[in-house]
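Examination of the molecular architecture
So the chains spell out like this:
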Amino acid sequence: MKDIISVKDIDIAGKSVFIRCDFNVPMDDFLNITDDRRIISALPTIKYCLDQGCKIVLASHLGRPKNGFEEKYSLKPVAKRLSFVLHQDVIFANDVIGIDAKEKVKNLKQGEILLLENLRFEKGETKNDEALAKALSEYAEVYVNDAFGVCHRAHSSVEAITKFYDEDSKSAGFLLQKEIDFAEKLIKKPARPFVAVVGGSKVSGKLQALTNLLPRVDKLVIGGGMAFTFLKALGENIGNSLLEEDLIDEALAILKKGKELGVKIYLPVDVVAAQTFSPDSAVKFVTAQEIPAGWMGLDIGPATTRLFKLAIADAQTIWWNGPMGVFEMDKFSKGSIKMSHYIAESHATTVVGGGDTADVAKRAGDDEEMTFISTGGGASLELIEGKELPGVKPLRKKDYE
Ligand code: AMP
């Protein structure tokens, strides 16, 4: 495996630097930023570049605008928040490669920061357009990618742009480096016992990750909607619970393979069931063998949370991806919240992946206790699946094997 070029490996002192960040932050209806974790995570690289006396051009996407500029996708509130947390002015460009941005880049001085408007206001961004990439590359002598959340996408500011920089002038930022280090350590040399706790809605979304992880873990704990396809595969009646019928055979194959490999696989033994997918429906606590017809399991039950607690008790490494139930509704959030507490309280190295799972940890008040919370859901899953990310590949050292 080739090593990643770090921002510390290249000479950036006094140079102009383009940093691709992931400022795709959630906002409320009034365009207030509701969670600035992604902005805070970008600070180490930005501060390092400031200390090196660089001129800094920051770029990011926000949401999925379809047709150019839309107020609700503007990065203006991000410039404000960034300026607040850095205690320094952040100049904002009203376009990406338009007159305003070009003028402001030209006038940028060392120690100053410019944030471009949302990259996706340019149609070429998601098409990996070379002309856009070239225009962006003309803004700076050095390219730094710190946008882990989009590294699984071949987009102009992530992939195409790297072609305009040689090995001495492109690198990964500290956040990207950290994300990759954690994922690679997990895959290659986890401290044992290594327990993967997976949940969320579907087996299909995590099948590849489960397949790649199975030979590497000691235990696999399965909760959430995806558990029901496994329970069905074992012959249980799951009522109206979430089921991917076409994946029953795959689920059975995973259980069988787990047995062959000596991996202990844990499934829910009881569930919180309801007749409708609604916060005010009546609920029942039933064993996994007794889900009544017409009812569906929407959270793991109290016996399961105790079982899962025991299963992770001796873990040295825990990878957690996916909520244990429909955590968005209070009634069905207890299983996920409790699992979050147990994982946070453990003495293991705890790596949390996926936006929903990070939300659960935050709601449970456990986010500070986790060893590492990944900032990118899709990208972190693809790393665990063993894939090379298009945004990371061009940043690997060529002479390092
Ligand atoms: P994913 O994006 O696959 O990680 O799935 C996250 C979603 O799974 C969340 O929105 C949860 O509400 C949902 N989920 C978790 N458990 C269940 C369940 N038992 N039934 C239906 N949906 C679930």
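Residues numbered from 1 in each chain as written. Predicted model: local features only at pLDDT ≥ 70, side-chain atom pairs only at ≥ 80, totals over all residues. Heavy atoms only, no water.

The protein chain carries the name Phosphoglycerate kinase in an unreviewed UniProt entry, which gives Campylobacter gastrosuis as its organism. For the record of the protein chain, the UniProt heading Catalytic activity (unreviewed entry) holds the text "(2R)-3-phosphoglycerate + ATP = (2R)-3-phospho-glyceroyl phosphate + ADP". Quoted verbatim from the Subunit (unreviewed entry) field of the UniProt record, the comment on the protein chain reads "Monomer." (UniProt positions renumbered as here; feature names shortened; annotations may be inferred.)

Once that is clear, we can look at the UniProt feature "binding site: ATP" (unreviewed entry) in the protein chain. Under the feature "binding site: ATP" (unreviewed entry), the UniProt entry names Lys 206, Gly 297, Glu 328, Gly 354, Gly 355, Asp 356 and Thr 357. Mapping Lys 206 onto the fold places it in the loop between strand E7 (194–198) and helix H6 (207–213). Excluding its chain neighbours within four sequence positions, the residues that come into contact with Lys 206 are Gly 199, Gly 200, Met 226, Asn 321, Gly 322 and Leu 381. Relative to the helices and strands, Gly 354 resides in the loop between strand E14 (349–353) and helix H11 (355–363). Of the residues examined, Gly 354 reaches a relative accessible area of 11% and is grouped as buried. Residues in contact with Gly 354, not counting those within four places in the same chain, are Asn 321, Gly 377 and Ser 380. (Helix = DSSP H or I, 4+ residues; strand = E, 2+ residues; numbered from the N terminus. Contact = heavy atoms within 4.5 Å. Buried < 20%, exposed > 50% of the residue type's maximum accessible area, 1.4 Å probe, protein only.)

Right, let's talk about the UniProt feature "binding site: substrate" (unreviewed entry) in the protein chain for a bit. Here, the residues flagged by UniProt with the feature "binding site: substrate" (unreviewed entry) are Asp 22, Phe 23, Asn 24, Arg 38, His 61, Leu 62, Gly 63, Arg 64, Arg 120 and Arg 153. As for its position among the elements, Phe 23 is in the loop between strand E1 (16–20) and helix H1 (37–51). Beyond its immediate sequence surroundings of up to four residues, Phe 23 is in contact with Arg 38, Ile 39, Ala 42, Ile 46, Leu 58, Ser 60, His 61, Leu 62, Leu 75, Val 78, Leu 82 and Leu 115. Along the polypeptide, Arg 64 turns up in the loop between strand E2 (55–59) and helix H2 (76–86). Classification of Arg 64 by relative accessible area gives exposed; the value is 61%. Not counting chain neighbours up to four residues away, the residues in contact with Arg 64 comprise Tyr 73 and Arg 120.

Moving on: the pattern of salt bridges. What the rule picks out here adds up to 19 salt bridges. Across the salt bridge formed by Lys 163 and Glu 159, the nearest N and O atoms sit 3.9 Å from each other. For Asp 314, the salt bridge is made with Lys 219, and the minimal N-O distance between the two is 3.0 Å. Of this pair, Asp 314 sits in the loop between helix H9 (302–312) and strand E13 (317–321) while Lys 219 sits in strand E8 (residues 219–222), and the two are 95 residues apart along the sequence. (Salt bridge = Lys/Arg side-chain N within 4 Å of Asp/Glu carboxyl O.)

Glancing now at the site of the ligand. In the vicinity of the ligand lie 15 residues, with Ser 201, Lys 206, Gly 225, Gly 297 and Glu 328 positioned nearest. Contacts to the ligand include Gly 297, whose backbone N or O atom sits 3.0 Å from a nitrogen atom. Relative to its unbound accessible area of 510 Å², the ligand is 80% covered by the protein chains. Along the lines of polarity and charge, the residues of the shell around the ligand split into 5 nonpolar, 6 polar and 4 charged. (Near = heavy atom within 4 Å. Polar contact = N/O pair within 3.5 Å; in protein donor to acceptor, adjacent residues only side chain to side chain. Areas by Shrake-Rupley, 256 points an atom, 1.4 Å probe, with all protein chains shown as cover. Nonpolar A, V, L, I, M, F, W, Y, C, P; charged D, E, K, R; others polar.)

Packing of H9 against helix H10 (residues 334–345) leaves a shortest axis separation of 10 Å and a crossing angle of 20°. Classed by the angle they form, the pair H9 and H10 counts as roughly parallel. For the pair H9 and H10, the crossing hand works out as right-handed. Of H10, the residues touching H9 (which contributes Thr 305, Phe 308, Lys 309 and Ile 312) are Gly 335, Lys 338, Met 339, Tyr 342 and Ile 343. (Axes fitted to C-alpha atoms, helices over the stretch in contact; angles between N-to-C directions. Parallel < 35°, antiparallel > 145°, perpendicular 65-115°, else oblique. Left-handed = near helix turned anticlockwise from the far one by under 90°.)

Here we come to the packing of aromatic side chains. Summed over all chains, the structure comprises 5 aromatic pairs. Every member of this aromatic cluster is reached through a ring pair, and the members are Phe 18, Tyr 143 and Tyr 165. The ring of Trp 295 carries the charged tip of Lys 284 above its face, separated from the ring centre by 4.5 Å. (Phe/Tyr/Trp six-rings, centres within 6.5 Å; stacked < 30°, edge-to-face > 60°. Lys NZ or Arg CZ within 6 Å of the ring centre and 35° of its normal.)

Further remarks concern the side chain of Ser 41. Of note, Ser 41 is situated in helix H1. At 2.7 Å, the side chain of Ser 41 and the backbone oxygen of Arg 37 are in polar contact. Not counting chain neighbours up to four residues away, the residues in contact with Ser 41 comprise Leu 175 and Thr 375.

Time to look at the pairing of E2. Counting buried residues along E2, 4 of its 5 residues qualify, which places the element largely inside the surrounding structure. Assessed by its sense of winding, the connection that carries the chain from E1 through H1 to E2 is right-handed. (Right-handed = clockwise from strand over helix to strand, strands pointing away.)

Moving on to the sheet that holds E13. One open sheet accounts for 6 strands, arranged E9-E8-E7-E13-E14-E15; its pairing is parallel. Strands at the two margins of the open sheet, each flanked by one partner only, are strand E9 (264–266) and strand E15 (372–373). Direction of pairing for E7 relative to E13: parallel, over a ladder of 5 bridges. What sits directly across from Val 198, in E13, is Asn 321. The strands that H10 touches are E7, E13 and E14; relative to E13, the one it contacts most, it runs at about 155°. (Pairing = 2+ DSSP bridges.)

Within the largest apolar cluster, 39 residues are counted, with the highest numbers of intra-cluster contacts made by Leu 213, Leu 220, Ile 222, Phe 230 and Trp 319. Tallying contributions element by element places helix H7 (residues 227–233) first for this core, with 5 residues. Not counting chain neighbours up to four residues away, the residues in contact with Ile 222 comprise Val 198, Ala 227, Phe 230, Ile 265, Tyr 266, Leu 267, Pro 268 and Phe 308. Ranked by size, the runner-up nonpolar core spans 33 residues in total, among them Ile 5, Val 7, Ala 79 and Val 144. (Core = buried A, V, L, I, M, F, W, Y, C linked by side-chain atoms within 4.5 Å.)

Bringing unusual backbone geometry into the picture now. Between Arg 192 and Pro 193 the backbone carries a cis peptide bond, its omega angle lying at 0°. In the Ramachandran plot, His 87 falls in the positive-phi region, its phi being about 55° despite a non-glycine side chain. The backbone phi angle of Asn 128 is positive, close to 55°, even though this residue is not glycine. Checked against the element boundaries, Asn 128 lands in the loop between strand E4 (113–115) and helix H4 (130–137).

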